[in-house]
Amino acid sequence: MANIPRLRAVLRHDATQTPEVPYCYYKLVTNVIRAVQINVFVIPVVYGLIYYGCQPISIQGSNHPIIPEITTLPWYTTLVPLVLVLGITAIKDLVDDLARHRMDNEINNRKCEVLLDGRFQVSKWMNIHVGDVVRLKKNDHIPADILLLSSSNPNSLCYVETAELDGETNLKFKMGLKVTDERLQEEGQLAQFDAVIVCEEPNNRLDKFTGTMRWRKDRFPLDLDNMMLRGCRIRNTDECHGLVIFAGADTKIMRNGGKTRFKRTKIDELMNYMVYTIFVILVLLCAGLAIGNTFWYEEVGSKAWYLYDGKDQTASYRGFLSFWGYIIVLNTMVPISLYVSVEVIRLGQSKFINWDLQMYYQEKDTPAKARTTTLNEQLGQIEYIFSDKTGTLTQNIMAFKKCTIAGHTFGDPANPVDFTWNKYADRKFEYLDHSLVACIRSKKDKDTLEFFKLLSLCHTVMVEQKEDELVYQAASPDEGALVTAARNFGFVFLSRTQDTITISEMDQEMTYEMLALLDFNSDRKRMSIILRFPDGRIRLYCKGADTVIYERLSPNSKHKEVTQTALDIFANETLRTLCLCYKDISKQEFDAWAKKHKAASVAMGNREAALDRVYEQIESNLMMIGATAIEDKLQDGVPETIAKLAKADIKIWVLTGDKKGIVSGAARLCGGESLWNIHLYKVPDPFFPEPGRNALIITGGWLNEILYEKKKKRRRLRLKRLGKRPASATPQDAAQPIDDWEKETRQVDFVNMACECEAVICCRVTPKQKANVVSLVKKYKKAVTLSIGDGANDVNMIKTADIGVGISGQEGMQAVMSSDYAFAQFRYLERLLLVHGRWSYIRMCKFLRFFFFKNFAFTLVHFWYSFFSGFSAQVAYEDWFITLYNVMYSSLPVLLVGLLDQDVNDKLSRKFPKLYLPGQQGALFNYKNFFISLFHGIFTSLVIFFIPYGAFLQTMGQNGEAPSDYQSLAVVMASSLIFTVNMQISLETSYWTFVNCFAVLCSIAIYFGIMFDIHSAGIHVIFPSTFTFTGVASNALRQPYLWLTIILTVGITLLPVICIQFLYKTIWPSVADNVQRNRKKYEMEEVEEEKSTPFQRGRRSRRSAYAFSHSRGYADLIASGRSIRRRPATARPNPRDSIREIPQAENI
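Residues numbered from 1 in each chain as written. Predicted model: local features only at pLDDT ≥ 70, side-chain atom pairs only at ≥ 80, totals over all residues. Heavy atoms only, no water.

Peer 1: Just to check I follow, could you spell out the pattern of salt bridges for this structure?
Peer 2: Opposite charge on two side chains permits them to pair, given that their charged atoms come into close proximity. Across all of its chains, the model carries 33 salt bridges by this definition. In this structure, the salt-bridge partner of Glu450 is Arg539, at a minimum N-O distance of 2.4 Å. Of this pair, Glu450 sits in helix H11 (residues 446–457) while Arg539 sits in strand E26 (residues 538–544), and the two are 89 residues apart along the sequence. Here Glu450 matches Arg539 in class, with each residue buried. When the shortest N-O distance is used, the salt bridge between Arg537 and Asp535 registers 2.9 Å. When its relative accessible area of 36% is taken as the criterion, Arg537 is described as partly exposed. (Salt bridge = Lys/Arg side-chain N within 4 Å of Asp/Glu carboxyl O. Helix = DSSP H or I, 4+ residues; strand = E, 2+ residues; numbered from the N terminus. Buried < 20%, exposed > 50% of the residue type's maximum accessible area, 1.4 Å probe, protein only.)

Peer 1: Would you mind showing me how to read the packing of aromatic side chains here?
Peer 2: Aromatic ring pairs: the centre-centre distance and the angle between the two ring planes describe each pair. A full pass over the atoms with the stated rule returns 57 aromatic pairs. Ring geometry for Phe419 versus Phe429: centroids 5.6 Å apart, planes at 65°, classification edge-to-face. Highlighted residues: Phe419 in the loop between strand E19 (408–410) and helix H10 (434–442) and Phe429 in the loop between E19 and H10, separated in sequence by 10 residues. In this structure, Phe419 and Phe429 share a single accessibility class: buried. Ring geometry for Tyr1007 and Phe1008: centres 4.9 Å apart, planes at 65°, overall edge-to-face. Taken individually, Tyr1007 and Phe1008 each receive the classification buried, so the pair is uniform in this respect. Site record: aromatic cluster; members linked through ring pairs are Phe863, Trp864, Tyr865, Phe867, Phe868, Phe871, Phe945, Phe946, Tyr949 and Tyr966. Directly above the aromatic system of Phe851 lies the positively charged group of Lys854, at a separation of 4.6 Å from the ring centroid. (Phe/Tyr/Trp six-rings, centres within 6.5 Å; stacked < 30°, edge-to-face > 60°. Lys NZ or Arg CZ within 6 Å of the ring centre and 35° of its normal.)

Peer 1: Where do I start with unusual backbone geometry in this structure?
Peer 2: Leave glycine aside and you will find that most residues have negative phi; peptide bonds, for their part, are mostly trans. The backbone phi angle of Asn139 is positive, close to 75°, even though this residue is not glycine. The residue Asn139 is located in the loop between strand E6 (133–137) and strand E7 (145–151) in this model.

Peer 1: I keep staring at helix H12 (residues 477–488) and nothing clicks. Help me out?
Peer 2: Owing to its 3.6 residues per turn, the α-helix aligns residues three or four sequence positions apart on the same side. Helix length check: H12, at 12 residues, gives a terminal C-alpha distance of 16 Å against a target of 16 Å (1.5 Å per residue), a fit within 8%. Taken across its 12 residues, H12 has 11 buried, putting it largely inside the fold. Those residues of H12 that fall on the buried side of the exposure criterion are Asp478, Glu479, Gly480, Ala481, Leu482, Val483, Thr484, Ala485, Ala486, Arg487 and Asn488. Looking one or two residues beyond H12, the residue adopting positive phi is Gly490, at roughly 105°. (Expected span 1.5 Å × (residues − 1).)

Peer 1: Sorry if this is basic, but what is going on with the sheet that holds strand E4 (residues 111–116) here?
Peer 2: Pairing between sheet strands relies on hydrogen bonds along the backbone, with the strands arranged either parallel or antiparallel. Strand order in the open sheet formed by 6 strands is E5-E4-E6-E15-E7-E13, and the pairing between neighbours is antiparallel. Of all strands in the sheet, those with a lone pairing partner are strand E5 (119–124) and strand E13 (227–228), marking the two edges. Bridge count for E4 against E6 is 2 bridges, and the pairing is antiparallel. Paired with Val114 across the two strands is Val134, which belongs to E6. (Pairing = 2+ DSSP bridges.)

Peer 1: I keep staring at the UniProt feature "binding site: Mg(2+)" (unreviewed entry) in the protein chain and nothing clicks. Help me out?
Peer 2: In this structure's numbering, the residues bearing the UniProt feature "binding site: Mg(2+)" (unreviewed entry) are Asp388, Thr390, Asp790 and Asp794. Their sequence span is 407 residues, while the largest C-alpha to C-alpha distance among them is just 10.8 Å; these annotated residues converge on one region. Tracing the backbone through its elements, the reader meets Thr390 in the loop between strand E17 (384–387) and strand E18 (394–405). By relative accessible area, Thr390 is classed as buried at 6%. Positionally, Asp794 belongs in the loop between strand E33 (785–789) and helix H24 (795–800). For Asp794, a relative accessible area of 0% corresponds to the buried category. A polar contact of 3.1 Å, which involves the side chain of Asp794, links it to the backbone nitrogen of Asp790. (UniProt positions renumbered as here; feature names shortened; annotations may be inferred. Polar contact = N/O pair within 3.5 Å; in protein donor to acceptor, adjacent residues only side chain to side chain.)

Peer 1: Would you explain the environment of Arg526 in this entry?
Peer 2: Considering the arrangement of structural elements, one finds Arg526 in strand E25 (residues 526–532). Spatially, the C-alpha atoms of Arg526 and Ala545 are 6.4 Å apart, while their sequence positions differ by 19 residues. Of note is the side chain of Arg526, whose polar atom sits 2.9 Å from the backbone oxygen of Arg524. A polar side-chain atom of Arg526 sits 2.7 Å from a polar atom in the side chain of Glu619.

Peer 1: Explain the state of the cysteines to me, please; I cannot follow it from the model alone.
Peer 2: Every disulfide links exactly two cysteines, by a covalent bond between their sulfur atoms. This structure, assessed with the given rule, holds 0 disulfides. Not part of a disulfide, Cys112 finds its nearest cysteine sulfur in Cys240, a span of 9.5 Å. (Disulfide = S-S within 2.5 Å.)

Peer 1: In this structure, what is going on with the sheet that holds strand E8 (residues 157–161)? I would like to understand it.
Peer 2: The 3 strands are arranged E9-E8-E14 in an open sheet whose pairing can be described as antiparallel. In the strand order of this sheet, the two ends are held by strand E9 (171–175) and strand E14 (233–235), each with one partner. On average, each strand axis in the sheet is tilted by 45° relative to the strand beside it, whichever way the strands run. Bridge count between E8 and E9: 5 bridges; the pairing is antiparallel. Bridge pairing links Glu161 to Leu171 in E9. (Axes fitted to C-alpha atoms, helices over the stretch in contact; angles between N-to-C directions.)

Peer 1: Would you mind showing me how to read the pairing of strand E31 (residues 694–699) here?
Peer 2: Side-chain positions along a regular strand alternate between the two faces of the sheet. Within E31, 6 of the 6 residues are buried, which leaves it mostly tucked inside the rest of the structure. Residues Asn694, Leu696 and Ile698 line one face of E31 and the alternating positions Ala695, Ile697 and Thr699 line the opposite face, and both faces are buried. Relative to strand E32 (residues 759–763), E31 runs parallel, the two sharing 5 bridges. Along E32, the bridge assignment pairs Leu696 with Val760.

Peer 1: Would you take a moment to explain helix H33 (residues 994–1014) for this structure?
Peer 2: Taking 1.5 Å per residue as the helical rise, H33 with its 21 residues ought to reach 30 Å, and the 30 Å between its terminal C-alpha atoms agrees with that figure. All of the buried residues in H33 are Asn996, Ala999, Val1000, Ser1003, Ile1004, Tyr1007, Phe1008, Met1011 and Ile1014. Take H33 and look down its axis: the buried residues cluster within an arc of 155°, on one side only. Those residues of H33 that are exposed and angled more than 90 degrees off the buried face are Phe994, Leu1001 and Asp1013. Those residues of H33 that are buried lie in contact with helix H27 (879–889), helix H28 (891–900), helix H32 (966–988), helix H34 (1017–1022), helix H35 (1032–1036) and helix H36 (1040–1066). (Arc of directions from axis to C-beta. Contact = heavy atoms within 4.5 Å.)

What follows is the structure, given as structure tokens:
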């Protein structure tokens, strides 16, 4: 019972529910979508009130404080910064939410034709329900997940564009059932449609749909090729009709828009812990000052008659009130604007990545794209890179290079072959062995003719005629290369219907009846086709990976050993290999098998598994014909990029589905010299006794022993409860761990062994295994990981790593859509990490260190002042200075450092990869740096308070008056702090621009401008209770003695910093300091190298990889219709360029 899926039934909107239907899913779900689930202001406001929950109690309105006993600051000192921070956040969210609301309304109000009351009427998308019959026209968006019933094309063929669904721009083919195509073309027929659709529950599987249509006492299987999903668009089809199966939130695209793993950087986690630390320090300081207030009141305050306030309160109670008063006074230690400032910096850094023209790929008009704004500084801390090979390190543009046929190998380099004898030949196709062409043209070698006949027949390539040209569309570049090769050697694929395939065999047109098409998937690693020849023979053609083909060969098959030797040679040359074989089938055997195939095709539970079992029965006792070898060239700049990243101490692991022999070249490419092939669990200790640079190559089967699959684990646990040891079929099974401790030990040993290597290659691995390998390194090494890939099989790996990078290549856009960063070429990874990542990390660390410092220096002045104010929670500054300090006086310079600073330029960052090491070590921002900033702030606050305090003691001004009042002291301390903070950030700035200089000078000018305004008599007259420092600034700052005090204070605070920086850069210089010191010399060397480097032709690219590792093809689609495209009555064009292969079909 556990294997029986949950089902639901769908009736047409006005059909009558019958007892046969267990559950009628009728008008329960509407097609309305809502992307916004919560009011925009709820999150930031609630966060602010909780985070600063102690502060609203001090807010006062009309000078009436809510709790006057602890009110130490006016309401605006806390509320203005809080409102600004939360306001910016709320406005940002409001803009985003309004845009989503507008988009929701636009989508929900789109128009569509729905069958109502026996005729099609225009209705809004929001009014569509499950069970409605809709009519769609060319270029219409599909409003829901719809079962295709019929279309204006022959045999209900419908073309859809899935760019919004999976990012792929090439057209997909959908086809209605034969019975609905014949009986549901007219409006009246559709109105009488009363079938019941029994299908799976709503889910997020874009690649799967299982259902059955019950109509007129018959059952018809339904799969994804019969479904048109929401998010797609109708193309090249004038009109089509469909039945709504899933609507609104139940559609597959909406189900995929749900939970996404939230990635956080190490700096984020560290920053949060530091904020908690600051809060603990705040509480301890306030508790200490409250205790001081208690003792002071007992010893002094209660005995001084002039301090009596008329309140009968104990010293302990006064200390308790003082504690909360100091919580309010010292709250600026907790950085209120830190998170907003960090988000602004990250947004700017993401824009710099998007605008980088050196990461723009002109050939495909593809710029780099930062798809997230929260991980930029993590790019400067990468320790491990996990990369796919095909399409990521290679171009994924395939070329047929070699083959072995009946024991004879063809493809030795010679002069290019002339294909002018073939009118269908592709001009771009090149081949270098004349003997193969001579063998084919002689027509004497039947094995060679059968070899290329198989290539022209056994595939899922779609062909469409456009303007007297035949256009091929293949499910993978591999398959396109093989069909193109067959075409050039005289076996041309011309057209296909559901029942037939037509090819040209050496200028003779032949049509074969297609009886079954057994499609490729990642588990089967092969595809087969069963054909009836014109003479009545039935033959199965099969092509696939050697590992699965050799298991299914007949004992009487010839050339097995010779072909295996050739395959090993091809693999060592890093060519992608594929085995070809055939089997003759009797009519009785096929008829018996066809019945089983039909039963499996309509099964509602585990249909794919049932079909696989049926496929296994027919794909046996195969006869070997030969094997193909396809070249996949390495992308430009890959060796140089890997070498640079290796110098930056970044380890690169290649996770691929290719054969072990093929990936040996990739191991050496990644830096390994000694190759270690691991097959057994027991390894020597130490792992690598031989010195040198080692590369570890692991097969997917051995990796299973480490990862310990869950299915095997459950089985062994059941046997363990029964006290039995499971039988072991292989030595690897005998080594399976029996408990979690042994399993974890094995995984730790594997990770430690692999991390000793310069390169690790995992071959023959599945997408799930790729993700598990990344998880192991994250778990046991606590390292920052990056995954990069280009296909759907890399999505799990990309999502699992700390940072995922997608390459927009030949395998669609699934990897890009799941990634955090995307670009077109692997070589751009060097610039992303060594330049943008490193700069982002340095900038963020410098920003955070200085942000904490300036808040400590500002806030702790209140602490020192408390010792001279009876611990009364009185503030040391003027109220408006406290309000505007973080908002206007000190924010802009440090923000620009976080956005623009750089210690060395981009060329030097790439020339010296060792500059990347501090980020991996977390050396620029950690608890050590945090406490340095804390003690630096303590020292600065001590100087800022005690030097002006000492200068004001027993001081006489030029006019004979003593300027030693509290307000003048506050102005001098505030002025000293502004000069100190802005000059300190100037010392920290490594890269000066006009903007930085303007920001520093502007911050100081704004401070003095605002201070003189709020200290003027005019504003005091208007708001006498709010602005109480009337004339203080003009009176205090006209005293030269006080200016000397400010200069002395600033000088003493900066002098130790200057001395320490000088000592570090001269005695203990870092790599960056040395590069900075010799920057001009290195820049001159760069110029000289550019002048002296002569022009060189590009070297021949390296090759790699193994064939037929693509996604599911078009077999189900082909088998489900009658004709893909009816051939026109006109004659087929004959020019040699009439057939061309393109990677993407034209969108019309």
